[in-house]
Amino acid sequence: MVDAKNPPEVDRVAASRKAIAARRGRASLKRDLGTRVVTPQDVMRRVDRDPAAATLRITEFLTALPAIGEGKRDRILAELGISPVKRLGGLGVRQRRAVATWLDRRFPEPQPRAGRSRLLVLAGPTAVGKGTVAAQIQAAHPELLLSVSATTRPPRPGEVDGTHYYFVDDASFDRMVENGELLEHATVHNKYRYGTPRMPIERALADGRSVLLEIDLQGARQVRRAEPSATLVFLLPPSWDELVQRLVGRGTEDAEERARRLRTAKVELAAQGEFDYRVVNDDVARAAADVAALVRRVN
Ligand code: 5GP
C-alpha cells in the first residue's frame, strides 16, 4: 500500500525538486512578461504544454503585465468573472476566450501589413543574435544584399573593414551625414554612431535584389519613415534570462556596458509592436529560415 500522506523519502525529494523547478519557471515567465519578451497571448497559447504557464495564478499573470497594478487586476478579474485563486491551466474554455479577447484589446499583437517591399530590416535587443542570424541568411541566399554599415566604433578582434563595418572616424561620419549618403543613422547605446550607406541599397533594389539591414530600433524607425513599405522584423530571445546569459557569456562588454545594453534592450522590447513580424531566436538555423521565408514572401 502506498501511503499518500507519508510518501517515501525519494518521492518527497523528487516532488520538492519539481516544485522548485516550477517556481523558477513561473518567476522566469513573469520576467518575460514584464520585459515583453513574450506576449501574454503567447503565454495563454502555451498553457496546455508548459507547466510554468499552466501553474501561474491568474493574479500573478495579470500583475506581471506592463502597467497592471493590483487595483486594476481586481477590476479586470471581476469584469471577466474569474476567481482570483484560479491558475491559467484551470481556466475553463469560456474563461480562456474571455481572457484572450481582453488581451487582444489591451495588448494588440502586431499584424503583418500588405504591400511589402524587398527591403527588410532585422532589429532586436543586444546579444539576441541578429548578426549570426543575418550571416546565416546571407550564406544561404547569396543573391541577397546584407548591408554593411558605417560606424565610429573601433573594430573588435577579427572584424574586417568593409566586411563587418566600414570603420570611420567622427569627421568622416559627419561628412557622410551632411552629404545625405546615409539612409538612416543613430547613436547606439549612447556611445558610437552607426549608419546605413544609401547607395548600395538603392542599386540592389533597382536590380531586383532583396536587401537586409541589421540595425537598431532608432534606425528601424527611420527606415520606416523613409520607406514605409519596408518590412520590419523583430528578433526576440527565448527569454529575458537567456538574453542576460548570452550577453554575459560572449564576454565582449564589461559590467557597466552590459547594464547599459540591458537598459536599451528593455526599451527596444517595449517597441516590438511597431514591427511587422516577430521571430524568436531559440535556434539560429530555424530563426534564419523564418526570416528568409519573409524575404521570399515579399519577392
Ligand atoms: P555592435 O557594436 O555590437 O556591432 O552593434 C551595436 C548595435 O548597433 C546593434 O544593435 C546593431 O544592430 C546596431 N547597428 C549596426 N549597424 C547599424 C546601422 O547602420 N544603423 C543603426 N541604426 N544601428 C546599427
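A brief report on the enclosed structure follows. Computed from a predicted structure; not experimentally measured. Position numbers for residues start from 1 in each chain and track the written sequence from start to end. The model is predicted, so local features are restricted to residues of pLDDT at least 70 and side-chain atom pairs to those at 80 or more, both for listing and for counting; the totals for chains, interfaces and linings are taken over all residues. For the side-chain quantities, the full set of heavy atoms in the structure was used; hydrogens and water were omitted.

### Focus on the pairing of strand β9 (residues 277–280)
The side chains of a regular strand alternate between the sheet's two faces.
Phase 1 of the analysis: Where burial is concerned, the two faces of β9 differ: the one with Tyr277 and Val279 is buried and the one with Arg278 and Val280 is not.
Phase 2 of the analysis: Summarising the sheet, strand β8 (residues 231–236) and β9 pair through 4 bridges and their orientation is parallel. Bridging across to β9, Phe234 finds its partner in Arg278. Think of it in three bands: residues with accessible area under 20% of the maximum for their type are buried, residues over 50% are exposed, and the middle band is partly exposed, with areas taken using a 1.4 Å probe on protein chains only. Secondary structure elements are defined from DSSP: runs of H or I of at least 4 residues count as helices, runs of E of at least 2 residues count as strands, and each element is numbered from the N terminus. Two strands pair under a simple rule: DSSP has to find at least two bridges between them.

### Describing the site of the ligand
Phase 1 of the analysis: In the vicinity of the ligand lie 16 residues, with Lys130, Ser149, Arg153, Tyr165 and Tyr194 positioned nearest.
Phase 2 of the analysis: Pairs of N or O atoms within 3.5 Å make up the polar contacts considered here, provided that, within protein, one atom can donate a hydrogen while the other can accept it, and that residues adjacent in sequence are counted only when both atoms are side-chain atoms. Separating an oxygen atom of the ligand from a side-chain N or O atom of Ser149 is a distance of 2.7 Å.
Phase 3 of the analysis: Taking Glu214, its side chain carries an N or O atom lying 3.0 Å from an oxygen atom of the ligand.
Phase 4 of the analysis: Only the protein chains shown count as cover for residues, with accessible areas throughout obtained via the Shrake-Rupley method and a probe of 1.4 Å. Considered on its own, the ligand offers 510 Å² of accessible surface; in the complex 93% of this is hidden by protein.
Phase 5 of the analysis: Lys, Arg, Asp and Glu make up the charged group, whereas Ala, Val, Leu, Ile, Met, Phe, Trp, Tyr, Cys and Pro make up the nonpolar group; the residues left over, Gly among them, are polar. Tallied by class, the residues present in the shell around the ligand amount to 5 nonpolar, 4 polar and 7 charged. Note on definitions. A residue lies near a molecule or strand when any single heavy atom of the residue is within 4 Å of it.

### A word on the sheet that holds strand β3 (residues 149–151)
Phase 1 of the analysis: Reading across the sheet, the 4 strands line up as β4-β3-β6-β5 and stay open at both edges, with mixed pairing between neighbours. One side of each edge strand has no neighbouring strand; the edge strands of this open sheet are β4 (165–167) and β5 (182–188). When strand polarity is set aside, the average angle formed by the axes of neighbouring strands in this sheet is 25°.
Phase 2 of the analysis: Where β3 lies against strand β6 (residues 192–197), 2 bridges are found, and the strand directions are antiparallel. Looking at the pairing, Thr151 lines up with Tyr194 of β6.
Phase 3 of the analysis: The contact definition used throughout considers only heavy atoms, calling two residues in contact when any of these lie within 4.5 Å. Orientation is described by axes fitted as lines to C-alpha atoms, over the contacting stretch for helices, and by angles from 0 to 180 degrees between their N-to-C directions. This element, helix α9 (residues 198–206), spans β5 and β6 of the sheet and lies at about 30° to β6.

### Focus: unusual backbone geometry
Phase 1 of the analysis: Phi angles above zero are rare outside glycine, and Arg36 is one such case at about 65°.
Phase 2 of the analysis: Considering the arrangement of structural elements, one finds Arg36 in the loop between α1 (9–34) and α2 (40–45).
Phase 3 of the analysis: Its identity as a non-glycine residue notwithstanding, Ala67 has a phi of 65°, on the positive side.
Phase 4 of the analysis: The topology assignment puts Ala67 in the loop between α4 (58–63) and α5 (70–80).

In short, shape yes, function no, at least from these values alone.
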